[in-house]
Amino acid sequence: MARAWGGSRGLQLGLIALLLAGCGGKHVSPATPVAPPAPAVIVLLPDPETQVTGRIVVHNEFGSIDVSSARGSLRTTPGTAPGPVTTMSAEDVTRLFGEALAALPPAPRHFTLQFKFESDALTDESAALVPTILDAVKALSVPEVVIIGHTDTMGEAKSNLALGLRRANAVRSILVQAGLPPATVDVTSHGEADLLVKTRDNTPEPRNRRVEITVR
Amino acid sequence: MSGLLRTVGALAIVVGMAAPAAAQQPVPAGHVKTVTGAAYVVRGQSTTAVKPGDAIFASDTLRTAGDGAVGITMRDDTRLSLGPNSEVRVDRYVYAPGEGGLGMVLKFMRGVAVYVSGRMAKLAPDSIRLEAPSGIVGVRGTTVAIKVES
């Protein structure tokens, strides 16, 4: 089980911080006792886009606790188990975390493109998405476009990795021809490792033969 | 059409050949997207001001001054932002689903930060750990705010 940190690394950081601060002119000897790990406040928030609240588990060497309610909040303190869970007011969330929340980058956007059967041409539906993808890229100040090829589970995992890359490169060509700046694009393949529809191995599934585009 | 296929095939071969060399280059964990005031990355012995577009790597520490805030988006769509007087280390970051490698450890050392989970939390939630000094957070999604008290 992973232990909460705060031992020698914490001491080093503490020393560095003190040295950087450089105030007081007091020498800090390496034998200075280690300060106990700092307490922390942990809050589970609804997703900024979907408003869905997920779940977290907070543990240290003294215990473990689940949080699954919106704005469910707890403190971790050295020497005791985390908890109990209370609900933080929306005002307190803004007061404590407003500046960090405001600094969150925009949510990545995802598009899925599919090919006509046994073809390197996009389906009509997918071709119609191309302008929307280009608009999403233009809306960002430092855009990245990631094109990920996926396959179904037919055949070997290794050859599916190569097949996914071929599909991703085909989509890259289409988007660059449509005006996407090539420098922003990263092409990769997840092969059969990230199925849209979970299947057994060696299962043909058209919905898994896809190219996903992330604009972020 | 077969011309395009041939080109794509050739590209795939080139990329395939380049892959072993590329694997030795460090792959960024993510990129800086938002900066307000003074925000820095600590990499080894050097501390550098960051700007939008800068790459962030595993083992980097993000740090903000009293007027600073910074937001990054990682390769799996995980988002992380820091408020003022804050420090978070990207202790570990591996995202290679095709090759079966997934893992992220973020160390919240000081101040306030917000984490919004990405694809890694869907593919392998147990591979993600948010470490505060006195407790470790396992994430099933999606958004967690952490304040380390000083």
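Everything here concerns the structure above.
Kindly report on the interface of chain A and chain B, identifying the contributing residues and their values.
Residue-level contacts link 61 residues of chain A with 64 residues of chain B. Between chain A and chain B, a total of about 5,100 Å² is buried, with carbon and sulfur atoms accounting for 60% of that surface. Connecting chain A to chain B are six salt bridges. With a shortest N-O distance of 2.9 Å, Asp77(B) and Arg216(A) are connected by a salt bridge. At the surface where chain A touches chain B, the tally comes to 25 residue pairs in polar contact (both at pLDDT 80 or more). Those elements that place two or more of their residues in the side of chain A that touches chain B are helix H1 (8-21), strand S1 (40-45), strand S2 (56-60), strand S4 (72-76), helix H2 (90-102), helix H4 (157-177), strand S8 (185-191) and strand S9 (210-215) of chain A.

Lay out the pattern of salt bridges with the relevant residues and their values.
Counted according to the given criterion, the structure contains 19 salt bridges over all chains. The salt bridge involving Glu205(A) is made with Arg207(A); its shortest N-O contact spans 3.0 Å. Residue classification places Glu205(A) among the buried residues on the basis of a relative accessible area of 12%. Judged by relative accessible area, which is 46%, Arg207(A) ranks as partly exposed. Glu212(A) serves as the salt-bridge partner of Arg119(B), at 2.8 Å between the closest nitrogen and oxygen. Of this pair, Arg119(B) sits in helix H2 (residues 119-123) while Glu212(A) is found in strand S9, placing the two residues in two different chains. The burial state of Arg119(B) is the same as that of Glu212(A); both residues are buried. What emerges from the salt-bridge pattern is a single network uniting Glu144(A), Arg216(A), Lys33(B) and Asp77(B).

Requested: an account of the nonpolar core, with residues and values cited.
Generally speaking, a soluble globular protein has its nonpolar side chains buried in company with each other. Counting residues in hydrophobic clusters, the biggest one holds 38 residues, and the most contacted among them are Leu80(B), Leu106(B), Phe108(B), Tyr115(B) and Leu130(B). Examining the composition of this core, we find that five residues originate from one element, strand S9 (residues 101-116) of chain B, more than from any other. In this structure Leu106(B) touches Met74(B), Leu80(B), Val88(B), Arg89(B), Val90(B), Tyr115(B), Arg129(B), Leu130(B) and Glu131(B), once residues within four positions along its chain are discounted. Counting residues in each nonpolar core, the second largest holds 22 residues, with Phe111(A), Ala170(A), Leu180(A) and Val215(A) among its members.

Tell me about the environment of Val146(A), residues and numbers included.
All names here are of chain A. Mapped onto the secondary structure, Val-146 falls in strand S7 (residues 145-150). When the C-alpha positions of Val-146 and His-110 are compared, they lie 9.6 Å apart, and in sequence the two are 36 residues distant. Setting aside residues no more than four positions away along its own chain, Val-146 makes contact with Asp-186, Thr-188, Glu-212, Ile-213, Thr-214 and Arg-216.

I'd like a description of helix H3 (residues 124-138) of chain A, backed by residues and values.
Residues and elements named next belong to chain A. The sharpest bend along H3 measures roughly 30° and falls at Val-130, with the proline Pro-131 sitting one to four residues further on. All buried positions along H3 are accounted for by Ser-126, Val-130, Ile-133, Leu-134, Ala-136 and Val-137. Against strand S6 (109-113), S7, H4 and S9 lie the buried residues of H3.

Rules of the game
- Residues numbered from 1 in each chain as written.
- Chains lettered and ligands numbered in written order.
- Predicted model: local features only at pLDDT ≥ 70, side-chain atom pairs only at ≥ 80, totals over all residues.
- Heavy atoms only, no water.
- Contact = heavy atoms within 4.5 Å.
- Buried area = accessible area lost by both parts, 1.4 Å probe.
- Salt bridge = Lys/Arg side-chain N within 4 Å of Asp/Glu carboxyl O.
- Polar contact = N/O pair within 3.5 Å; in protein donor to acceptor, adjacent residues only side chain to side chain.
- Helix = DSSP H or I, 4+ residues; strand = E, 2+ residues; numbered from the N terminus.
- Buried < 20%, exposed > 50% of the residue type's maximum accessible area, 1.4 Å probe, protein only.
- Core = buried A, V, L, I, M, F, W, Y, C linked by side-chain atoms within 4.5 Å.
- Bend = angle between axes of the 7 residues up to and from the residue.

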